[in-house]
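Understanding the architecture of this molecule
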Amino acid sequence: MRASTGFRWTRALLGSAAILIAILSSSAASPPVSPAPQEPIRIGVSSMITPVDTVKYYQEIIDYIGARIRQPVRMVHRRTYEEMDGLLERGEVKIAFICSAPYVKDRERFGVELLVAPSVNGSTRYQSYIIVHSDSPIKTFPELKGKSFAFTDPNSNTGKIYPTYLLKTMGYVPEIFFGRTLYSYSHNKSVEMVAKKVAEGAAVESMVYEYMRKTGSPYARQTKIIKRSPPFGIPPVVVTRDIGPGLKNKVREAFLSMGNSPKGKAILDAMMIDGFVEVPDGNYDSIREMERAVAGISTVSKKVRNGKSVYFGITPTDNPRIMYEKFQPLLDYLSSETPYSYELVLKKNYEETVAALASGETDVALLGPLTYLEARARCGAACILKPRGADGRALYKSVIVKRKGNPLPGLSGLKGETVAFASSKSTSGNLLPRLLLADAGIHLNDLKGYANFDFHDSVVKAVLKGQYAAGAVRESVARKYVKLGIEVIAESAEIPMGPLVVGPGVPPAVTEAVKKALLKLNPSDPAGQKVLKRLDEDFRNGFTEASDGDYEGVRSRINAVPQTCGRGCHPKLRL
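Residues numbered from 1 in each chain as written. Predicted model: local features only at pLDDT ≥ 70, side-chain atom pairs only at ≥ 80, totals over all residues. Heavy atoms only, no water.

1. Describing the overall build of the chain
When helices and strands are tallied, the chain shows 21 helices and 29 strands. The buried share of the chain, reckoned over its 575 residues, is 61%. Excluding contacts between residues fewer than 6 apart, the proportion of contacts in the chain whose partners are at least 24 apart in sequence is 79%. Surface summary for the chain: the accessible area is close to 21800 Å², and the carbon and sulfur share equals 49%. (Helix = DSSP H or I, 4+ residues; strand = E, 2+ residues; numbered from the N terminus. Buried < 20%, exposed > 50% of the residue type's maximum accessible area, 1.4 Å probe, protein only. Contact = heavy atoms within 4.5 Å. Areas by Shrake-Rupley, 256 points an atom, 1.4 Å probe, with all protein chains shown as cover.)

2. Overview of helix H17 (residues 456-464)
Buried residues dominate H17, accounting for 7 of its 9 residues. Every buried residue belonging to H17 is among His 456, Asp 457, Ser 458, Val 459, Val 460, Ala 462 and Val 463, and all of these are buried. Of the residues one or two after H17, Gly 466 is the one with positive phi, at around 80 degrees.

3. Considerations on the nonpolar core
If you look at the biggest cluster of nonpolar residues, it comprises 74 residues, and the most contacted ones within it are Leu 144, Phe 255, Phe 276 and Tyr 284. The greatest single-element share of this core, amounting to 7 residues, is contributed by helix H1 (residues 55-69). Once residues lying within four places of it in the same chain are set aside, the contact partners of Phe 255 are Ile 61, Ile 65, Phe 97, Leu 115, Val 116, Val 237 and Phe 276. (Core = buried A, V, L, I, M, F, W, Y, C linked by side-chain atoms within 4.5 Å.)

4. Quick look at the sheet that holds strand S26 (residues 486-491)
Here 5 strands make up an open sheet; going across it, the order is S24-S23-S25-S22-S26 and the pairing mixed. Among the strands making up the open sheet, the edge pair consists of strand S24 (449-452) and S26. On average, each strand axis in the sheet is inclined to that of its neighbour by 25 degrees, with strand direction left out of account. Pairing of strand S23 (residues 418-421) with strand S25 (residues 470-474), which is carried by 2 bridges, proceeds in the parallel orientation. The partner of Ala 420 across the bridge, within S25, is Gly 471. Where H17 meets the sheet, it contacts strand S22 (398-403), S23, S25 and S26, and its direction lies at approximately 155 degrees from that of S25. (Pairing = 2+ DSSP bridges. Axes fitted to C-alpha atoms, helices over the stretch in contact; angles between N-to-C directions.)

5. Points about the confidence of the model for the chain
On average, the chain scores 85 in pLDDT, and the residues at 70 or more come to 86%. Low pLDDT (under 50) marks residues 1-37, which in the prediction has 284 contacts with non-local residues, meaning those over four places away or in another chain. With pLDDT under 50 throughout, residues 563-567 is counted as low confidence; its partners more than four residues away or in other chains account for 10 contacts. (pLDDT = per-residue confidence, 0-100.)

6. Notes on the environment of Met 193
With respect to the helices, strands and loops of the structure, Met 193 is situated in helix H6 (residues 187-195). Taking the relative accessible area as the measure of exposure, Met 193 reaches 0% and is therefore buried. For the pair formed by Met 193 and Arg 321, sequence separation is 128 residues and the distance between their alpha carbons is 6.1 Å. Discounting residues that sit within four places of it in the chain, Met 193 has contacts with Ala 150, Leu 182, Ser 184, Val 198, Ala 199, Pro 320, Arg 321 and Tyr 324.

7. Some remarks on the sheet that holds strand S10 (residues 148-151)
Spatially, 5 strands are ordered S11-S10-S12-S9-S13 in an open sheet, and the strand pairing comes out mixed. What marks the edges here is a single partner per strand, and that holds for strand S11 (180-183) and strand S13 (223-228). Going across the sheet, the axis of each strand differs from the next one's by a mean of 30 degrees, ignoring polarity. Of the strands in this sheet, strand S9 (128-133), strand S12 (201-205) and S13 are in contact with helix H7 (residues 206-214), which crosses S12 at around 95 degrees.

8. Let's talk about the packing of helix H15 (residues 369-379) against helix H21 (residues 552-559)
Where H15 contacts H21, the two axes come as close as 10 Å, and the packing angle between them is 85 degrees. One finds that H15 runs roughly perpendicular with respect to H21. Together, Pro 369, Leu 370, Leu 373 and Arg 376 of H15 and Val 554, Arg 555 and Ile 558 of H21 make up the contact between the two elements. The residue makeup of the contact of H15 with H21, split by class, is 5 nonpolar, no polar and 2 charged. (Parallel < 35°, antiparallel > 145°, perpendicular 65-115°, else oblique. Nonpolar A, V, L, I, M, F, W, Y, C, P; charged D, E, K, R; others polar.)

9. Here's the deal with the environment of Glu 417
Within the secondary structure, Glu 417 is located in the loop between S22 and S23. If we ignore the near neighbours within four places in the chain, the residues touching Glu 417 are Leu 408, Leu 447, Lys 448, Gly 449 and Ala 469.

Here's what the structure looks like:
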């Protein structure tokens, strides 16, 4: 497995057609680089259900299943439940480990079927835990009113649906009850957020939490449970309706018999589960009842926003905990310098960040150049400022890096090699690097393999581990890893720093207040330095004015991309 995940037995194993097992992961990557001689069965796995140090066991399960059924299998990662559900619905994976709530929805929407489920401590049930820091005076759930709270995924049973249902029984919705909410997209990340006091409370899955506690996690030790939910049906392994009955039976038997072989039992013991068993659909009826009870709450919540609050979005370039630690001081500064309060809104990907701006869920947002151009084309978002960059010129570069000691001569040497990219909508981590390769006569179908990672740091780490021959990231990220053995083999022309934008309908008074406060930030001033030093180096020189014309060069290059570039390197859109 090339991307880290958070342990949870109940999240998703996704698969492809000889067998692919997919894992929903915090640093999701595409399927493994080298294709098997025979088309593998793809099995999906969600990393939200698994602690980071248990990822290897999923690979061992996949290898075990493949050996038992005598067919190649492959594990597929996706970061969120929604992405994993999409793979199942499209038939891109036939088998998956998914959360209980997605199972309920997927069964109704397109008919996934239960295959098996894990048994833990003799039970096929699990719970939601509401946790706070171990030194917190909070002892009951109602005492979290007005506090910051971490959910995991919008579709998580234990990490979102249960606490939302609990609030409904008290007459509240999350946006009214909590002072601030955020999503971690990983149960172990939620525990870490509470331990580090990024959030004052969180809802997490009992199996992940108990695993972390039993294995000595320092984050689990710094938290305590203040409420336990009733038991729910445990996250299952599911199959699509169109899977062949012969294959389904072979895979089911391989799971059910794991405990009968020394190798299978060793894997189960390491994951702290008893084994796999068959379970009835009725185990999930209580989740269906909760979902019916909370239906429509998200729509209602959008109508209860405080007119004095400004909702601030940021493209997700790092994991949510780090993003909150970096940018909350900036929002605190804005709250002190303007008549408004500010709430940080982090979405799981670039597309959702643009959608939130277009729908009015966020008012202002820090975007990358391409993401801005999409927001401009979609809803008329206007750029008002941009960071000054590492050298104060408001410019940066995209670079392609390799591990020191790798004999790659440069771009020309990448033909037939493997390359890691950042998010598909990243300007510096995906689009411009692919143009660099295309300019050198190398398209995606000339590579041995490639993958897109959620975060730039994940790309560099994959290169350092030797999982990919080269990787594409923004220049400032590459500089952080030079001492660890990263070398730049190619760089793009200079790119304008991504802008701070305002969405449609944002009052001019808000726009002017934000501009005035951010232009006032001076790195030479102790107060300004205190805020700016927490941000990435591209922000540490403060902000300067920006206009749409600054991004005309990027717009022209993207619009000029030929449709024949590799295997659909670039989004087919007109900016």
